[in-house]
Amino acid sequence: MKTILFLIQKEFRQIFRDKAILVITFVVPTIQFLLLPFAANYEVKNVNLSVVDHDRSDMSQELISKVTGSGYFKLVSYDESYDQAYKNIESDASDVVLEIPKGFEKNLIKEDHEELFVAVNAINGSKAGLGSSYLLQIISNYNNDIRVETGSSSGNVAPQIDVASSNWFNIHMNYKLYFVPGILALLVTLVGGFQTALNIVKEKEIGTIEQINVTPIKKHHFIIAKLLPFWVLANVVFTVGLFLAWLVYGITSEGNVFVMYTFIALYLFVALGFGLLVSTFCETQQQAMLIMFFFMLIFILLGGLFTPIDSMPAWAKTVSRFNPMRYLVEVMRMVMLKGSSLHNILPHFAIVLGLGIFLNGWAVLNYRKTN
Amino acid sequence: MASLNSTEQQRGISVSVQNLTKTYGKNKEVLAVDSVSFEVKKGELFGLIGPDGAGKTSIFRMLTTLLFPDSGSATVDGFDIVKDYRQIRNTVGYMPGRFSLYQDLTIAENLHFFATLFGTTVEENYHLIKDIYVQIEKFKTRRAGKLSGGMKQKLALCCALIHKPTVLFLDEPTTGVDPVSRKEFWEMLKRLKEQEISIVVSTPYMDEATMCDRIALIQGGKILSLDTPDNIIGAYPDTLFAVRSNNMYDLLRTLPQYENIKAHYAFGEFAHVSFKSGNASDLEKFLKQKGLSGIETKTVVPNIEDAFIKMLQS
């Protein structure tokens, strides 16, 4: 025990002596945390719209003003023909073309039926998808309005179901509320996993591990002393992140913060174990860096941080089941947004514990073999 | 030695190596150490002398339990290097060829660190390192990475000594160190011997070999010769001549044409020559015939380098 404390003291001394590491550990994540939630935004605003109005009637004017008045669209051109509007799409000046046929008003009133044409520039997939769905929603609303107006005279209103939706746990669909806990999860993983791997490989690179190996020090003492400082640092980073989430984004946890700390404690066991495992395969910090980077991308992209796991193909869903970051992101969102208690996240605990035992076990076996 | 019983053997022998073999590569195709055997007596300064790649470091790494041998066995302080590796790690000091202390810790912190790992304190064994440590003490708050080459070696030696090891393994401790520091370093080793510490040291420098009590000349993983430096030199079989002329390049090209020549090689500003028969005056005549001028010959006492070259060539 005395040896471990002494070794930990040495690790901290080295960490705090390396100014670059300190900056990387605290300042860089803080900046990321302050910038990323603002930049990574799902909301689509300012969809550039070209309108081709062949009808030029009251009704077509009304529809256009409804669309532009929604706040999502910016009318960039009012074109004579579809070909002309299509040129705007080609030159990337507009994203969506709405074409209103001749006789739109007349047909709508007389025959109670008319077709509109919508063309979307799908180069930016999410903008196209969201833009067109906004547009369709506005048109269908408008359609209902007309039916009510005209229906009272003709008397054939089709029965319809009105869906009123409400966004639970994030009433205003505030993306920051959704993102901030996720990015916090990412930062904790970065500090825990990355730095552990690099720190251990550094000892190999400089050759100090040889010198350590000819001393009576026990391997598990050495490993524990290597992991514990980063466990502490990651917890500090997490605490700083929670504070910033409140200060900058006004986000406070719905659930008990200690539930989160409990889960983070266990999660870091996995992240550190992963860093340790990578370090046993690497001889240089460069190798460790590149390997960690590769896995980090997988963890992030298949972790449900940016894209929902439910919409992934089956193979990606399977991979994400073994992705520890997925569980952290889920737990953070569950506790912070939904107020889940320890009881609700027990399955997550079980899975992460399993992953931790697997990764650490493998790492320790491999560490024994190589050294 | 065979007549002594095992406890006496343990008292008198520090390191005992029997047919130690180490190969590298997937198919064990690189033979680094080829059935090496030697013994180091207690309090002895034992040198492993050989060129780069002779297998010196592999032997060190096996004796310090960092590497498993393929076959053969060895004991350090009576402990087996495979079975009792824990005990060995408690008792030996190892200074690898490459500086491998914490560059971001200061001199004092490094020393304190290694003392504590061995469960001792700097104060307890200060007498062992005092002579060396006083030379670097004024820099004790400086980080190890910012020290000069000689100071790094001194610090590394201090760290290897601070737990009062019974055997000290020094792998090329003077490689890359200036001549003055090298000399100082060897004087420190001589003083350490008086503390009853056995020292196994490797070096590629022939001049350092004569500082050892006994040396093993190694080449290609094999021990070519093992004896005291004096005995190895004394066993040199031929009379050795040093030859010089105004044009050394022509001299070295002409020497092989002389039929009675046995061995010849450049040695500083001379060429060292030995004969199958004949003598130096015959050679002088021959060289004059070949058009060389300013010829000077003299007999020389062979040194360890001559002995080593002789062994490599035979």
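These numbers were taken from a predicted model, which means no experiment stands behind them. Each chain has its residues counted from 1, running along the sequence as written. Lettering of chains starts at A and numbering of ligands starts at 1, both following the order in which they are written. Where totals are concerned, whole chains, interfaces and linings use all residues; where local detail is concerned, this predicted model gives features only for residues with pLDDT of at least 70, and gives and counts side-chain atom pairs only at 80 or more. Processing note: side-chain calculations cover all non-hydrogen atoms of the structure and skip hydrogens and water entirely.

Engineer: So what's going on with the overall build of chain A? Residues and values would help.
Structural biologist: Helix and strand counts for chain A stand at 14 helices and 4 strands. Every radius of gyration here is taken over C-alpha atoms, with the globule rule written as 2.2 Å times N^0.38, N being the number of residues. Computed over the C-alpha atoms, the radius of gyration of chain A is 28 Å, more than 25% above the 21 Å expected from 2.2 N^0.38 for a compact globule of 371 residues. Projecting the C-alpha coordinates of chain A onto the three principal axes gives extents of approximately 95 × 45 × 40 Å. In chain A, which comprises 371 residues, the proportion classed as buried is 46%. For chain A, the proportion of contacts with a sequence separation of at least 24, taken over those separated by at least 6, is 76%. Note on areas: Shrake-Rupley, 1.4 Å probe, and residue coverage restricted to the protein chains presented here. Summed over all atoms, the accessible surface of chain A reaches about 18900 Å², with 63% contributed by carbon and sulfur. Distance between charge centroids for chain A: 20 Å, based on 28 positive and 29 negative side chains. Secondary structure elements are taken from DSSP: a helix is a run of H or I of four residues or more, a strand is a run of E of two residues or more, and numbering for both begins at the N terminus. Each residue is assigned to one of three classes by its accessible area relative to the maximum for its type, calculated with a 1.4 Å probe on protein chains only: buried under 20%, partly exposed between the two thresholds, exposed over 50%. Whether two residues touch is decided by their heavy atoms; if any such pair falls within 4.5 Å, the residues are in contact. For the charge count, each Lys or Arg is scored as positive and each Asp or Glu as negative, with His and the chain ends excluded. The location of each charge is read from NZ of Lys, CZ of Arg, CG of Asp or CD of Glu.

Engineer: Mind laying out the sheet that holds strand S5 (residues 79-80) of chain B, listing which residues take part and the relevant values?
Structural biologist: Residue and element names in this part refer to chain B. Pairing within the open sheet is antiparallel, and its 4 strands lie in the order S2-S1-S4-S5. Only two strands of the sheet have a single neighbouring strand rather than two, namely strand S2 (30-41) and S5. For two strands to pair, DSSP has to find at least two bridges joining them. Relative to S2, strand S1 (residues 13-24) is paired through 8 bridges, and the arrangement is antiparallel. Of the residues in S2, the one forming a bridge with Thr23 is Leu31. Each axis is a line fitted through C-alpha atoms, taken for helices only over the stretch in contact, and angles between the N-to-C directions span 0 to 180 degrees. Of the strands in this sheet, S1, S2 and strand S4 (71-76) touch helix H2 (residues 56-63), which is tilted by about 60° from S2.

Engineer: Got a sec to walk through the interface of chain A and chain B? Specific residues and values, please.
Structural biologist: Contacts between the two partners involve 22 residues from chain A and, on the opposite side, 25 residues from chain B. Between chain A and chain B, the buried area comes to about 2400 Å², and carbon and sulfur atoms account for 58% of it. For any pair of parts, buried area is found by adding up, for both, the accessible area (1.4 Å probe) each one loses once the two are put together. Summed over the three residues of chain A that lose the most area to chain B, namely A:Arg17, A:Gln211 and A:Val214, the buried surface amounts to 28% of that side. One speaks of a salt bridge when a side-chain nitrogen belonging to Lys or Arg is within 4 Å of a carboxyl oxygen belonging to Asp or Glu. Linking chain A to chain B there are 4 salt bridges. Here A:Arg13 makes a salt bridge to B:Glu109, at a shortest N to O gap of 3.6 Å. Polar contacts, as counted here, are pairs of nitrogen or oxygen atoms within 3.5 Å of one another; within protein the pair requires one atom able to donate a hydrogen and one able to accept it, and residues that are adjacent in sequence qualify only if both atoms are side-chain atoms. Viewed at the interface, chain B and chain A are joined by 11 residue pairs in polar contact (both at pLDDT 80 or more). Elements represented by at least two residues in the side of chain A that touches chain B include exactly helix H1 (2-17), helix H7 (175-206) and helix H8 (208-213) of chain A. It is H1(A) that contributes the most residues to the side of chain A that touches chain B, 7 residues altogether.

Engineer: Describe in detail the pairing of strand S13 (residues 270-275) of chain B, supporting the description with residues and values.
Structural biologist: All names here are of chain B. Of all 6 residues in S13, 6 are buried, a share of seventy percent or more. Every second residue of S13 is oriented toward a common face, with Phe270, His272 and Ser274 on one face and Ala271, Val273 and Phe275 on the other, all of them buried. Between strand S12 (residues 261-267) and S13, which pair antiparallel in sequence order, lie 2 residues; one of them, Gly268, sits at a positive phi of approximately 65°.

Engineer: Residue-level account of the domain arrangement of chain A, with values.
Structural biologist: Entries for chain A in the domain assignment read domain 1 (2-40 + 171-370) and domain 2 (47-154). How far each domain reaches was decided by an automatic or database domain assignment. Placing the centre of domain 1 of chain A and that of domain 2 of chain A at their C-alpha centroids yields a distance of 48 Å.

Engineer: Go over the nonpolar core, please, and point to the residues and values.
Structural biologist: Only buried residues count toward a nonpolar core, which is a set of Ala, Val, Leu, Ile, Met, Phe, Trp, Tyr and Cys residues joined through side-chain atoms within 4.5 Å. Within the largest apolar cluster, 130 residues are counted, with the highest numbers of intra-cluster contacts made by A:Phe33, A:Phe263, B:Leu157, B:Leu168, B:Leu170, B:Leu189 and B:Ile199. Discounting residues that sit within four places of it in the chain, B:Ile199 has contacts with B:Glu44, B:Leu45, B:Phe46, B:Leu168, B:Leu170, B:Leu189, B:Leu192 and B:Lys193. In terms of nonpolar packing, the next biggest core, distinct from the first, is built from 29 residues, B:Ala32, B:Leu67, B:Val167 and B:Val200 among them.

Engineer: Give a detailed account of the packing of aromatic side chains, specifying residues and quantitative values.
Structural biologist: In this scheme Phe, Tyr and Trp rings, the latter by its six-membered ring, pair at centre separations within 6.5 Å, and the angle between planes marks the pair as stacked below 30 degrees, edge-to-face above 60, and tilted otherwise. One pass over the structure, following the stated rule, counts 24 aromatic pairs over all chains. Measuring from centroid to centroid gives 5.9 Å for A:Phe358 and A:Trp362, while their planes differ by 50°, and the two rings are tilted. Pair noted here: A:Phe358 and A:Trp362 are both in helix H14 (residues 346-370), with a separation of 4 residues, about one helical turn. Relative accessible area serves as the criterion here: at 40%, A:Trp362 is assigned to the partly exposed category. Taken together, a centroid distance of 5.2 Å and an interplanar angle of 85° make the contact between B:Phe113 and B:Phe114 edge-to-face. B:Phe114 gets classed as buried once you look at its relative accessible area, which sits at 3%.

Engineer: Report on the pattern of salt bridges, specifying residues and quantitative values.
Structural biologist: In the structure shown here, the tally under the stated rule is 27 salt bridges over all chains. Here A:Asp145 and A:Lys66 are joined by a salt bridge, their closest N and O atoms 3.2 Å apart. Here A:Asp145, found in helix H6 (residues 125-154), pairs with A:Lys66, found in helix H3 (residues 58-69); they are 79 residues apart in sequence, far enough to count as distant. A relative accessible area of 34% places A:Asp145 in the partly exposed class. By relative accessible area, A:Lys66 is classed as partly exposed at 35%. Here B:Lys310 ties to B:Asp238 by a salt bridge, and the two come within 3.1 Å at their closest N and O atoms. Note that B:Lys310 is positioned in helix H12 (residues 304-313) and B:Asp238 in the loop between helix H9 (229-234) and strand S11 (240-244), a separation of 72 residues in sequence.

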